[in-house]
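# Results of the structural survey
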Amino acid sequence: MTIDNIKASDKVEASCSYNTQPSDAMSIEGHYHAICYGADGQVKWEAPIENLVTTVGKNATLDAILGNSAAGAVVMGLKGTGTADVADTQSSHAGWLEVGLANAPTYSGNRKTPTFSAASAGSKTTSSAVSFSITSTGTVAGCFINIGGSATIDNTTGTLFSAGDFSSSKSVVNGDTIAVTYTATLT
């Protein structure tokens, strides 16, 4: 049996007089297994098949997931202090709270909708930074991406696709702007 490994990584970069690049890893496994039956119904042979995932296959996967279409709307939000965990969901992330409404700091409007360039070379990147205009004092610890949920801050619907923490929490005040870019890569 052959296992096809696809490693995925994503990173979040935010600028607010800081520059960190948290990352996470994901793998997708798959394999082929062929069996040949003779006319008498008996197994003649069976074999695993070595395979690979093509660059266009990686690009199609990224475009389908982050393309604001098939999987649902993609929105980005800010997270407060506390560590993101792989078991977190949009409705249950006990280690941290979303900031922006009930939890300081607040920012103008709803969660933001990132715009992505077409996937290329197995990576998909926001085509421009997503801007959060801060309207109160507080601490931001990182960012997250939700797919198929609501743009309303603190809404618990949809799928928590990604969450990342800065190397340390960042203090912000009214009038600051946090500009965030996001890249997801399948390797």
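Residues numbered from 1 in each chain as written. Predicted model: local features only at pLDDT ≥ 70, side-chain atom pairs only at ≥ 80, totals over all residues. Heavy atoms only, no water.

This part is about the overall build of the protein chain. If you tally the helices and strands in the protein chain, you get one helix and 11 strands. Reading the secondary structure of the protein chain in the N-to-C direction produces β-β-β-β-α-β-β-β-β-β-β-β. Buried residues in the protein chain amount to 37% of all 187 residues. In the protein chain, of all internal contacts separated by at least 6 residues, the share reaching a separation of at least 24 is 70%. For the protein chain, the exposed area adds up to about 9500 Å²; of that, 52% sits on carbon and sulfur atoms. (Helix = DSSP H or I, 4+ residues; strand = E, 2+ residues; numbered from the N terminus. Buried < 20%, exposed > 50% of the residue type's maximum accessible area, 1.4 Å probe, protein only. Contact = heavy atoms within 4.5 Å. Areas by Shrake-Rupley, 256 points an atom, 1.4 Å probe, with all protein chains shown as cover.)

Quick look at a nonpolar patch on the surface now. A cluster of nonpolar residues, I35, Y37 and V43, forms a patch on the protein surface that exposes about 280 Å² of accessible area. Looking at the element boundaries, Y37 is found in strand 3 (residues 32-37). Classification of Y37 as exposed rests on a relative accessible area of 51%. (Patch = residues over 30% accessible without salt bridge, like charges linked within 9 Å, V, L, I, M, F, W, Y side chains within 5 Å. Salt bridge = Lys/Arg side-chain N within 4 Å of Asp/Glu carboxyl O.)

Membership of the largest hydrophobic core comes to 24 residues, with the highest contact counts inside it found for M76, L78, F132, V140, I145, I178 and Y182. Put simply, the parts of the chain that give this core at least two residues each are helix 1 (55-66), strand 5 (74-79), strand 8 (130-133), strand 9 (138-147), strand 10 (159-172) and strand 11 (177-186). When residues no more than four places from it in sequence are discounted, the contact partners of I145 are V74, V75, M76, F116, T159, L160, F161, S162 and Y182. (Core = buried A, V, L, I, M, F, W, Y, C linked by side-chain atoms within 4.5 Å.)

A few words on unusual backbone geometry. Negative phi characterises most residues that are not glycine, and trans characterises most peptide bonds. Omega for the peptide link from A104 to P105 comes to 5°, which places this bond in the cis form. Unlike most non-glycine residues, A121 shows phi in positive territory, near 55°. As for its position among the elements, A121 is in the loop between strand 6 (98-99) and strand 7 (123-125). Look at A121 and you get exposed, because its relative accessible area is 64%. With phi around 75°, D154 is a residue other than glycine that occupies positive phi space. Along the chain, D154 turns up in the loop between strand 9 and strand 10.

Our next topic: the pattern of salt bridges. Under the criterion given, the structure shown has three salt bridges. Put simply, K79 and D165 hold a salt bridge, and the shortest N to O gap is 2.4 Å. Of this pair, K79 sits in strand 5 while D165 is found in strand 10, placing the two residues 86 residues apart along the sequence. For K79, a relative accessible area of 0% puts it in the buried group. Of the charged contacts in the structure, one is a salt bridge between E98 and R111, with a shortest N-O distance of 2.7 Å. Of this pair, E98 sits in strand 6 while R111 sits in the loop between strand 6 and strand 7; the two residues are 13 residues apart in sequence, bridging distant segments of the chain. The same class applies to E98 and to R111, which are both buried.

Our next topic: the confidence of the model for the protein chain. Taken over all residues, the pLDDT of the protein chain has a mean of 85, while the share at 70 or more is 82%. Predicted confidence for residues 16-22 stays below pLDDT 50, and this span has 21 contacts to residues more than four positions away or in other chains. (pLDDT = per-residue confidence, 0-100.)

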